[in-house]
Amino acid sequence: MSIVTVQLGQCGNQIGHEVFNALCSDIHGTHGLCSKKENESYHDSCKERFFCEEESGVPVARAVLVDMEPKVISQTLSMAARSGHWKYNHQSHFCQKQGSGNNWANGYSVHGPRHKEAIMNLVQKEAEKCDRLGGFFTIMSMAGGTGSGLGAFVTQCLRDAFPTSFILNHVIWPYGTGEVIVQNYNSVLTLSHLYQSADALLVHENDVIHKICAQLMNIKQISFRDVNQVIAHQLGSVFQPTHTAGGGSDYSRNPLGDLMETLVPHPEFKMLGLRNIPQMPENSLAYSTFSWPGLIKHLRQMLIANAKMEEGIDWQVRPPHPGSSIPSSHSKPLHFNTSIANLVILRGKDVHSVDLGSFRDPSLYTSWLNPQDAFNAWKTPRAFNKYEKSAALVSNSQFLLKPLDNIVGKAWNMFASKAYIHQYTKFGIQEEDFLDSFTTLEQVISSYTIL
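What you see is a predicted model, and the numbers here were worked out from it, not measured in a lab.

Procedures and definitions
Residues numbered from 1 in each chain as written. Predicted model: local features only at pLDDT ≥ 70, side-chain atom pairs only at ≥ 80, totals over all residues. Heavy atoms only, no water. Salt bridge = Lys/Arg side-chain N within 4 Å of Asp/Glu carboxyl O. Helix = DSSP H or I, 4+ residues; strand = E, 2+ residues; numbered from the N terminus. Buried < 20%, exposed > 50% of the residue type's maximum accessible area, 1.4 Å probe, protein only. Axes fitted to C-alpha atoms, helices over the stretch in contact; angles between N-to-C directions. Parallel < 35°, antiparallel > 145°, perpendicular 65-115°, else oblique. Left-handed = near helix turned anticlockwise from the far one by under 90°. Contact = heavy atoms within 4.5 Å. Nonpolar A, V, L, I, M, F, W, Y, C, P; charged D, E, K, R; others polar. Pairing = 2+ DSSP bridges. Disulfide = S-S within 2.5 Å.

Caption draft 1: Local environment of the pattern of salt bridges. This model, assessed by the stated rule, comprises 13 salt bridges. In this structure, Asp199 engages Arg159 in a salt bridge whose closest nitrogen and oxygen atoms are separated by 2.8 Å. Linking Asp199 in the loop between α6 (183–197) and β9 (200–205) with Arg159 in helix α5 (residues 146–161), this pair joins segments that are 40 residues apart in sequence. For Arg300, the salt bridge goes to Asp361, with nearest N and O atoms at 3.1 Å. Taken together, the residues Arg300 in helix α10 (residues 292–304) and Asp361 in the loop between β11 (339–348) and α11 (371–374) connect sequence positions 61 residues apart. For Arg300, a relative accessible area of 17% puts it in the buried group. Each of Glu48, Arg132 and Arg253 takes part in salt bridges that share partners, so that together they form one network.

Here you go:
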């Protein structure tokens, strides 16, 4: 099944470009470590998911690019075409001249309705090119105006136009120190609206990725491109083809559906986090060897101690003892990150001999789900992007509680003193809309807290 990617705003378009780049460089890599037949079916499966073929033989990304200013889209289109490995369809983009001025209400209430028909026509055309449409993958930032406001509007339109398709929103969480004075307002409005229309939200925090660039990738002067490449690598490690648990020898046909089925058992819990191991500069790969037991041990501890990367993990955090599952805050060890569902994706050498029993430990999960249903593993002997062995963990857990509480708290303090509210009301977003958004997110926070 095919996935249509919708890239929204500057951030969404820049990340989208890096994602397709990462997928392509992985396909063209010669580091397969698997049989020729396996490699060919991996190729075909990836192409079907993300690209359509043209007569010229250059794969065309199944994507729609949307921004309210032209600069980033024109750069993105030409960079892709210059790569020679893949390109965007030149008819599948929509841009305007004026931008959204970092104002969520402008993107949502003005640009959205005004350009709805043009944008949805492009999406419809891309969807019709798919033999079988698996769903939509939208990429956006929460802090600005176009990605967040227009992104929330477009997601609602997708839900109305394609009621039975899966929608996964990839959301970039802003730097804590702030890029935009009203980023907390924009984030609260975005998250609360996406929660109503998307099937799941896959979240990357800028601060975390920045740290990975500095500490694991050893980059001295970190640019947005560096950050975006790490994000793209992590996304590729989830979306490239794998064999699902009961799927037999074929590659999974329905990546978005499989992802939702394994990770979103209840509509109240839609927040997904992603961790990847190992991550290092390309020139260090030749000198590094990894064992599966070591990688799995680190990945599990990253999950339960809520560490976002393999450096600086708190090894003191342990799961609660069986029998102490009294639903009181005292029975739970401090800092322990309870999960609803986890998916581990293994790629590379000897994947089929890996023991994942430690992820099936019932004490990692909430009591209302059978641990057999809460944990899944996907595998392929085909290595990913030059890593001989690599593992990704997609987790529906309490990982975002702190950042979410933080953003809601900061936005509420500004709202209580009516700061900048007039910037939103002039575009038709009223105080009640803010209150509705706060209510939605408070409910999400409380649901995740009592796991």
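Caption draft 2: Structural view of the packing of helix α1 (residues 9–28) against helix α2 (residues 36–50). For the pair α1 and α2, the least separation of the axes is 10 Å and the interaxial angle reads 160°. By the angle class used here, α1 and α2 are roughly antiparallel. Viewed along their axes, α1 and α2 form a crossing whose handedness is left-handed. On α2, the residues that touch Phe20, Leu23, Asp26 and Ile27 of α1 are Tyr42, His43, Cys46, Lys47 and Phe50. Here the residues of the contact of α1 with α2 are counted per class, giving six nonpolar, one polar and two charged.

Caption draft 3: Up close: the sheet that holds strand β7 (residues 133–141). With mixed pairing, ten strands are arranged side by side in an open sheet as β6-β4-β1-β7-β8-β9-β10-β13-β11-β12. Two strands close off the open sheet at either side, each with one partner strand: β6 (93–95) and β12 (375–380). Pairs of neighbouring strands in the sheet enclose a mean axial angle of 20°, with direction left out of account. Both strand β8 (residues 166–173) and β9 contribute to a ladder of six bridges, which runs parallel. Bridging from a neighbouring strand, Leu168 pairs with Ala200 of β9. Contacts from α6 reach β7, β8, β9 and β10 (271–277), with the element oriented near 165° to β8.

Caption draft 4: Representation of the state of the cysteines in the model. Applying the stated criterion to the full structure yields zero disulfides. Distance from the sulfur of Cys11, which forms no disulfide, to the nearest cysteine sulfur (Cys213) is 13 Å. Accessibility expressed as a relative area gives 21% for Cys11, which makes it partly exposed. Here Cys46 is not cross-linked by a disulfide; its sulfur's nearest cysteine counterpart is in Cys24, at 7.2 Å. With relative accessibility at 0%, the residue Cys46 sits in the buried group.

Caption draft 5: The arrangement of the sheet that holds strand β2 (residues 51–52) in detail. Taking strand neighbours across the sheet as the criterion, the three strands line up as β2-β3-β5 in an open arrangement whose pairing is mixed. Each edge of the open sheet carries a strand with a single partner, namely β2 and β5 (87–88). Here strand β3 (residues 60–61) runs beside β5; their pairing, made up of two bridges, is parallel. Counterpart to Val60 in the pairing with β5 is Lys87.

Caption draft 6: Region of interest: unusual backbone geometry. Geometrically, the link from Ile277 to Pro278 is a cis peptide bond, its omega value of -10° lying close to zero. Position of Pro278 among the secondary structure elements: in the loop between β10 and α10. Even without a glycine there, the phi angle at Asp350 is positive, about 55°. Within the secondary structure, Asp350 is located in the loop between β11 and α11. Of the residues examined, Asp350 reaches a relative accessible area of 48% and is grouped as partly exposed.

The values are spatial; any link to function lies outside them.
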